[in-house]
Amino acid sequence: MAACGGCRFFVLTLRTLCGTSRSASPCTLPLTKHRTLSTSARTYSLDPFPSGSRKTPAQVGKPERIHPPSSGGIQRNLSAVAVPLQGQFRPLCRYDPLDLGDVDENTQKALACKHLRRFIVDPSLAQIVTDHLAGDIDDGKTVIFECNPGPGVLTRALLNRGAQRVVALESDTNFLPELKDLESKLEGQLDVVHCDFFKLDPIGHGSMKPPAMYSEKLFSDLAISEVPWSADVPVKIVGIFSQRNVKNILWKLIYNLFERCSIFRYGRVELIMFISQKEYTKLVTRPRDYKNYQAFSVLWQMACDIELLHEEPLSSFLTVTKKTGRPSSKNTQSQNDNLCLVRITPREDLFNSHLTPLNGSTLVVMLKQCLAKRKSRLIEQINSWSPGSGSELISKLGFLDDTMTGDVYPDEFKRLFELMEQSGNFTESWLYEETLETTNTGHL
């Protein structure tokens, strides 16, 4: 049947309107489709964060398929709709999130690792972490370094939350192709670097083969410049401390901090890391706990603000063994233990006219000697460095002669060091000679 020109125009117009309606961007979906967890702000409590009935990857040999409490189906459908044509960049949008996968598929990807490592494979745990970083992300100024992202679950969660620049420092080449592919689809929000954060700045000089790297090269390649110590935090390091040598890593970091070298050369770099409950307890131990109060505790408390953000059962993480590349059932820690998400922020007022990066290592050695015997008298320790100086310094600090080294608070140790620097009686002591030897032979 023939149709008049007017009818044909009407049909074409109707089809055009219907087509436009069907192809509406998923970014126009209402805000209620985007999940926002309601969590408490930073807390000093040691009470574990309630994990509810969420299954964890370490509870069974073959993990169950688990979706986060949010509308996982909607999230996955939105990601599917938004997949770009090859060669095009994928725009970031709060209502068009990157797919975080589920526990099962993320676990299979993580098993490509052949080294002893822990992974975040549960999207709901990744979202808990990003919720605690909401303020850091929303200011839009800070670069986030993620240590060993593996399958990239937390990486995508950070980007979904709105992080403007994430640097994925991955040591295992098995995870680089997928991370690089994600990098190519974004417009500068993600940099992927073959680098092991925990092997930055090894002792020695010369050419370096990845994943080991000098921090100077890393920051230079990323176009991150030094800022004054009094400036805002320029970089935040996020990840999980290695369980193999965490204490050595923390000692290396504290030396670097007091000498303001390595990553701390670029400013007050902040650590937001998962650490074992045992090591966290050592970090925050107070005086008169003669068993746990150590130089390690004093130095970190003196140099940094330490905040407990969250506690998560160890079983929530996937632990891969070194040789088999399979989930570990025999961990160095009990599956009932927790990992603590801790924010460690260097103090803006750490350095002054008496404590500088030039003598910072001297302070470290002094405290190691002082606290080797926590029940020894402080006056005797001072006199061993400079005979006859103990009574004067003890008096200036307002201490009694029987004050023990394990009774002294971090800020009081700092004041003691400043008085020693002012007195001029300690420059020829064996304390400084040992400092020189320690500096020449390495910190650990």
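For the structure itself, consult the block above.
Everything quoted here is computed from the prediction, not taken from an experiment. (Residues numbered from 1 in each chain as written. Predicted model: local features only at pLDDT ≥ 70, side-chain atom pairs only at ≥ 80, totals over all residues. Heavy atoms only, no water.)

Mind showing me how you'd approach the packing of aromatic side chains here?
Two aromatic rings are characterised by how far apart their centres lie and by the angle between their planes. Considering all chains together, one arrives at nine aromatic pairs under this definition. Pairing Trp-229 with Phe-351 gives two aromatic rings, centres 5.3 Å apart and planes at 70°, and the pair type is edge-to-face. Residue Trp-229 is located in the loop between α8 (215–221) and β5 (235–240), and its partner Phe-351 is located in the loop between β9 (338–346) and α12 (360–370); the two are separated by 122 residues in the primary sequence. An identical accessibility class is assigned to Trp-229 and Phe-351; each is buried. An aromatic cluster is built from Phe-145, Phe-219 and Tyr-266, whose rings are joined through pairwise contacts. Directly above the ring of Phe-296 sits Lys-247, whose terminal nitrogen or CZ lies 5.9 Å from the centroid. For the cation-ring pair, Lys-368 lies above Trp-251, with the distance from its terminal atom to the ring centre recorded as 4.9 Å. (Phe/Tyr/Trp six-rings, centres within 6.5 Å; stacked < 30°, edge-to-face > 60°. Helix = DSSP H or I, 4+ residues; strand = E, 2+ residues; numbered from the N terminus. Buried < 20%, exposed > 50% of the residue type's maximum accessible area, 1.4 Å probe, protein only. Lys NZ or Arg CZ within 6 Å of the ring centre and 35° of its normal.)

Honestly, the sheet that holds strand β2 (residues 143–147) in this entry has me stumped. Any pointers?
Strand pairing in a sheet relies on backbone hydrogen bonds, with the paired strands running either antiparallel or parallel. With mixed pairing, seven strands are arranged side by side in an open sheet as β4-β3-β2-β5-β6-β9-β7. A strand with exactly one partner marks an edge of an open sheet, and here the two such strands are β4 (190–194) and β7 (304–313). Averaged over all pairs of adjacent strands, the angle between their axes in this sheet comes to 20°, without regard to strand direction. Taken together, the nine bridges between β7 and β9 define a ladder with antiparallel strand orientation. Each bridged residue has a counterpart across the sheet, and for Pro-313 the counterpart in β9 is Asn-338. Sheet contacts for helix α6 (residues 153–161): β2, β3 (166–170), β4 and β5; angle to β2, the most-contacted strand, approximately 165°. (Pairing = 2+ DSSP bridges. Axes fitted to C-alpha atoms, helices over the stretch in contact; angles between N-to-C directions. Contact = heavy atoms within 4.5 Å.)

Hey, could you run me through the layout of surface pockets in this one?
A probe as big as a water molecule, rolled over the atoms, marks out the empty space that is left. Here the largest pocket is characterised by a volume of approximately 1,100 Å³. Around the largest pocket, the lining comprises 47 residues; the ones closest to its centre are Phe-197, Phe-198, Lys-199, Leu-200 and Lys-252. Among the secondary structure elements, those contributing two or more residues to the lining of the largest pocket are β1 (117–119), β2, α6, β5 and α9 (246–259). Considering every element that reaches the lining of the largest pocket, the biggest residue donor is α9, with six residues. Counted by class, the lining of the largest pocket contains 21 nonpolar, 16 polar and 10 charged residues. (1 Å grid on protein atoms, 1.4 Å probe; cavity = no way out; pocket = protein on both sides within 12 Å on 5 of 7 lines; lining within 4 Å. Points joined across faces, edges and corners; volume = space filled by probe spheres on them. Nonpolar A, V, L, I, M, F, W, Y, C, P; charged D, E, K, R; others polar.)

Whenever I open this one, the packing of helix α4 (residues 123–132) against α6 confuses me. Can you help?
Each pair of packed helices can be summarised by the angle the axes make with each other and by the distance between the axes. Relative orientation of the contacting elements α4 and α6 amounts to 50°, with a least axis distance of 9 Å. In terms of their interaxial angle, α4 and α6 are classed as oblique. Relative to α6, α4 is oriented so that their crossing is right-handed. For the pair formed by α4 and α6, the contact residues are Pro-123, Ala-126, Val-129, Thr-130 and Asp-131 on the first element and Val-153, Leu-154, Ala-157, Leu-158 and Arg-161 on the second. Considered class by class, the residues forming the contact of α4 with α6 number seven nonpolar, one polar and two charged. (Parallel < 35°, antiparallel > 145°, perpendicular 65-115°, else oblique. Left-handed = near helix turned anticlockwise from the far one by under 90°.)

Mind showing me how you'd approach the pairing of β3 here?
Taken residue by residue, a regular strand's side chains alternate between the two faces of the sheet. Of all five residues making up β3, five are buried, and the element is well covered by its neighbours. Residues Val-166, Ala-168 and Glu-170 of β3 are buried on one face, and the alternating residues Val-167 and Leu-169, pointing to the opposite face, are buried as well. Where β2 lies against β3, four bridges are found, and the strand directions are parallel. Note that in β3 the partner of Glu-146 across the bridge is Ala-168. Read from β2 through α6 to β3, the crossover connection turns out right-handed. Traced from β3 through helix α7 (residues 176–184) to β4, the parallel crossover comes out right-handed. (Right-handed = clockwise from strand over helix to strand, strands pointing away.)

Whenever I open this one, α6 confuses me. Can you help?
The buried fraction of α6 is high, at nine of nine residues. All of the buried residues in α6 are Val-153, Leu-154, Thr-155, Arg-156, Ala-157, Leu-158, Leu-159, Asn-160 and Arg-161.

Sorry if this is basic, but what is going on with a negative patch on the surface here?
Together, Asp-139, Asp-232, Glu-348 and Asp-349 give the surface a local cluster of negative charge. Tracing the sequence through the fold places Asp-139 in the loop between α5 (134–138) and β2. (Patch = residues over 30% accessible without salt bridge, like charges linked within 9 Å, V, L, I, M, F, W, Y side chains within 5 Å. Areas by Shrake-Rupley, 256 points an atom, 1.4 Å probe, with all protein chains shown as cover. Salt bridge = Lys/Arg side-chain N within 4 Å of Asp/Glu carboxyl O. Lys, Arg positive; Asp, Glu negative; His and termini not counted. Charge placed at Lys NZ, Arg CZ, Asp CG, Glu CD.)

Sorry, what's going on with the environment of Val-227 here?
In this structure, Val-227 sits in the loop between α8 and β5. Counting along the chain gives 38 residues from Val-227 to Arg-265, while the straight-line C-alpha distance between them is 8.4 Å. Non-local contacts of Val-227, meaning those with residues more than four positions away in its chain, are made with Asp-232, Pro-234, Arg-260, Tyr-266 and Gly-267.

This is a description of form; function is not addressed.
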